[in-house]
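Structural features, examined
Now for the letters of each chain:
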Amino acid sequence: MAPSDQQAEKRAADAYFSGMPRYSVILLLAMLAPRPVRAQQWQAGDSIDLVRRAVQQRSARDADALIASWQALAHGVLRYAAVINHGGDPVERVIRADELQVQVYGESPNRSKQVLRAWRDTSFLPNALVYHRDHLGIVANDFGATIRLGQGDEVRDVPHPLSSAGLSRYLYLPGDTVTVASGGRRLRVVAVQVRPREPTAAGTIGTLYLDADRAELVRFQFTFTPPSYRDRTVSSITVTLENALQQHSRWLPWHQSIVIERGEPLLDLGIRTVIRADWTIDDYQLGVVQPTDRFTGAFIQGPLAPFAGGKWPGPLSAQLSQLPATTADVDAVTLAASAAVGGRLLDGLPRLRLSGRGISDFVRVNRVEGVALAAGAGLAARSLTVRAQVGLGLSDQRATGSIVADRRIGGGRIGIFGSRLVQDVGDQPVISGVANSIGTLLSGDDFGDYALVSRVGGFVAGRVAGAAWRLSLLTEHADSMVTRFAPLGGEAGANPSLGASSRLLARFEINARNLRGFGWDASAEQAISGGMRLHLAGAAETPMPAGRLQWHVEGGLALGSLPSYRDFVLGGRGTLPGIPFRSLGGRRMAFADLAWVFPVPLPTPPIPYSRYIHLATTIGPYLAAGVAGGDDPKMPWRGEGAVQPVVGVRLDLWGPLVRVETGTSLRTGHTALILDIHPDWWALM
């Protein structure tokens, strides 16, 4: 950055931050991204004056008489969640949440004691979670000389970058200096990136924000190299420590978050679990006199389980709605850390694992393949990931498979792929894979219309403004499939002829989802032969005095020559219960669904690990309507342009784990009843 540019940026920062309160300054500092000057290079810590002074300051800070003894109050919210890959942005489903009030005491040299004053929890799904004891408290002294998490079971004895041992283990890259003003005082903060000298060694990767004048740590956001993790189930750990300026001279803890992602070391099934702790530390008292026995015993004291007591501002669920989604925070830190070590993958799980998007990727039943068996595996090495799968339909004797190889480039990915897979005509699933397999096996009720689609191409993908996008250039060919499977009872219906000649096309997809899975997605594809297809969908909810108002809208348009397997379809389960399944369809489609969802009391069934919790159940009366146009006479669905309205009720049971849904057509009076696993879990089924 040129000197004139730096001066202009400092003047803008001064004007923007001037007069803001202390906490606002720190919050805005959290959004500053390090932008290293191109001419700068990674350096040893002892060759950078600010880093060397910061290490010395941390070593000497316990001699400060004012902070030799202090106390504060910490408030934390822990959440244990399942993160499910639905494609694009994953959906995070909270399983359990805990809220704690902790009294924190500190005394030099590096002694601390934390006492649980109040602790409550709420479980939204059955679980048998037991936290490591140190997850129930804060990081009281920036970890000290070495970093330890999960009582040493997750991370142990990793040198801190601002320790004497860290100077010889890490490399540093100073970035810009930003001057901020608050309460008449000017603060100069420098962003310094840090990484291990050896990327294959245990260590941290992240950014240190240092007070340039006091050489004190303002903020530290980091993750770890894979060799740092001692637990084979840990995928990643991301830590953010933010300090606030106390009494205009000392930086002490203010905000902290620790995110621990876990997966199965042998099988990648599109789900991982997350434990996230978000803490605020305030009400400092400096220079207090501690009792002589204050620091005896365990470093975190109090009951081993949640207990009655404490004054809480409202229900725990309300606290969750104010917290950020975990995946966005973790992805940003991981991408920056990966770039710092040459694009290396930082996942702590084994490099070779079996893989699949869900149970139905390994075994499923449909009317065209019969019983289909498949197996997949994923291999990760440095910045390259390869995933492959092969399968066989026992009734039609067709082999299927796919392979994808992609590499991280900066903040995005680039890759190539090839596949020969059985594809349903619908844009979104309308039934869980397990339920469809059982229905097909027993009675031939298969809720799919299939083509064998072969693709070869390449793609680039990334994120922009919080949304995940992907641009692909590919060639695509579809073969028709006929019914081959004879169910145990009844008869499987005929499969429509959906074959089409090869076409070369470009496809763009973008989507964004929040913590609860609401958001939007859009796709557009253009074939070289002239066919174009556009699809838009959005879903959101609005709080009401009683319950929530949820809505979902969707629209599609096809222009030019488009193959039938890319038609839009509506009707029946998944869209309009009460209307015959996929009786509506064509080259144009519009759909809307509006529901009023509110909780209802319902006893919890005897599910394991649910004895002491109440699993939430909601009921949602809804009104839905759909219309299709651009009739395709060769297909069983019709696009006649008539709006088909439906009213019904959805009952989401116990968590939710199960959905019961009814729908009645306002034109014909026909009513349908649907029972399935809740859609949140379909990606795993």
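For the structure given in this document, a descriptive report is provided here.

1. Focus on empty space enclosed by the protein
Evaluation of the coordinates by the stated rule reveals one cavity of 30 Å³ or more. Space inside the largest cavity adds up to approximately 50 Å³. His135, Gly137, Ile258, Ile260, Ile275, Ala277 and Trp279 are the residues that line the largest cavity. Secondary structure elements with two or more residues in the lining of the largest cavity: β12 (250-262) and β14 (271-286). At three residues, β14 tops the list of elements feeding residues into the lining of the largest cavity.

2. As for the side chain of arginine 96
Checked against the element boundaries, arginine 96 lands in strand β3 (residues 91-107). Among the polar contacts made by the side chain of arginine 96, one reaches the side chain of aspartate 98 at a distance of 2.9 Å. When neighbours within four sequence positions are excluded, arginine 96 is seen to be in contact with Leu78, Arg79, Tyr80, Trp119, Asp121, Thr122, Ser123, Phe124, Asn127, Leu129, Tyr131 and Pro306.

3. Thoughts on the nonpolar core
One finds Tyr172, Leu208, Phe224, Ile237 and Val239 to be the most contacted residues of the largest nonpolar core, which totals 33 residues. Each residue touching phenylalanine 224, except ones within four places of it in the same chain, is listed here: Ile147, Leu149, Val155, Val158, Gly203, Thr204, Tyr229, Ile237, Val239 and Leu346. Grouped together as the second largest cluster of nonpolar side chains are 29 residues, Ala72, Leu136, Ile138 and Trp681 included.

4. Here we look at the environment of leucine 615
Mapped onto the fold, leucine 615 is located in the loop between β30 (588-599) and β31 (618-629). Linking leucine 615 and leucine 602, residues 13 residues apart in sequence, is a C-alpha distance of 8.4 Å.

5. Brief notes about the packing of aromatic side chains
Summed over the entire model, instances satisfying the criterion amount to nine aromatic pairs. A ring pair is formed by phenylalanine 417 and phenylalanine 459, whose centres lie 6.3 Å apart and whose planes are at 35°; its orientation type is tilted. Of this pair, phenylalanine 417 sits in strand β21 (residues 412-424) while phenylalanine 459 is found in strand β22 (residues 450-464), placing the two residues 42 residues apart along the sequence. The class of phenylalanine 459 is buried, set by a relative accessible area of 4%. Here the aromatic rings of tryptophan 469 and phenylalanine 508 are separated by 6.5 Å at their centres, their planes lie at 25°, and the arrangement is stacked. Highlighted residues: tryptophan 469 in strand β23 (residues 467-480) and phenylalanine 508 in strand β24 (residues 500-513), separated in sequence by 39 residues. Given a relative accessible area of 25%, tryptophan 469 falls into the partly exposed group. One aromatic cluster is present, built from ring pairs that chain together Phe143, Phe220, Phe222, Phe224 and Tyr229. Its end group placed over the ring of tryptophan 42, arginine 195 keeps NZ or CZ at 4.6 Å from the ring centre. When the ring centre of tyrosine 105 is taken as origin, the NZ or CZ atom of arginine 294, which lies over that ring, is 3.7 Å away.

Cut-offs used in this document
- Residues numbered from 1 in each chain as written.
- Predicted model: local features only at pLDDT ≥ 70, side-chain atom pairs only at ≥ 80, totals over all residues.
- Heavy atoms only, no water.
- 1 Å grid on protein atoms, 1.4 Å probe; cavity = no way out; pocket = protein on both sides within 12 Å on 5 of 7 lines; lining within 4 Å.
- Points joined across faces, edges and corners; volume = space filled by probe spheres on them.
- Helix = DSSP H or I, 4+ residues; strand = E, 2+ residues; numbered from the N terminus.
- Polar contact = N/O pair within 3.5 Å; in protein donor to acceptor, adjacent residues only side chain to side chain.
- Contact = heavy atoms within 4.5 Å.
- Core = buried A, V, L, I, M, F, W, Y, C linked by side-chain atoms within 4.5 Å.
- Buried < 20%, exposed > 50% of the residue type's maximum accessible area, 1.4 Å probe, protein only.
- Phe/Tyr/Trp six-rings, centres within 6.5 Å; stacked < 30°, edge-to-face > 60°.
- Lys NZ or Arg CZ within 6 Å of the ring centre and 35° of its normal.

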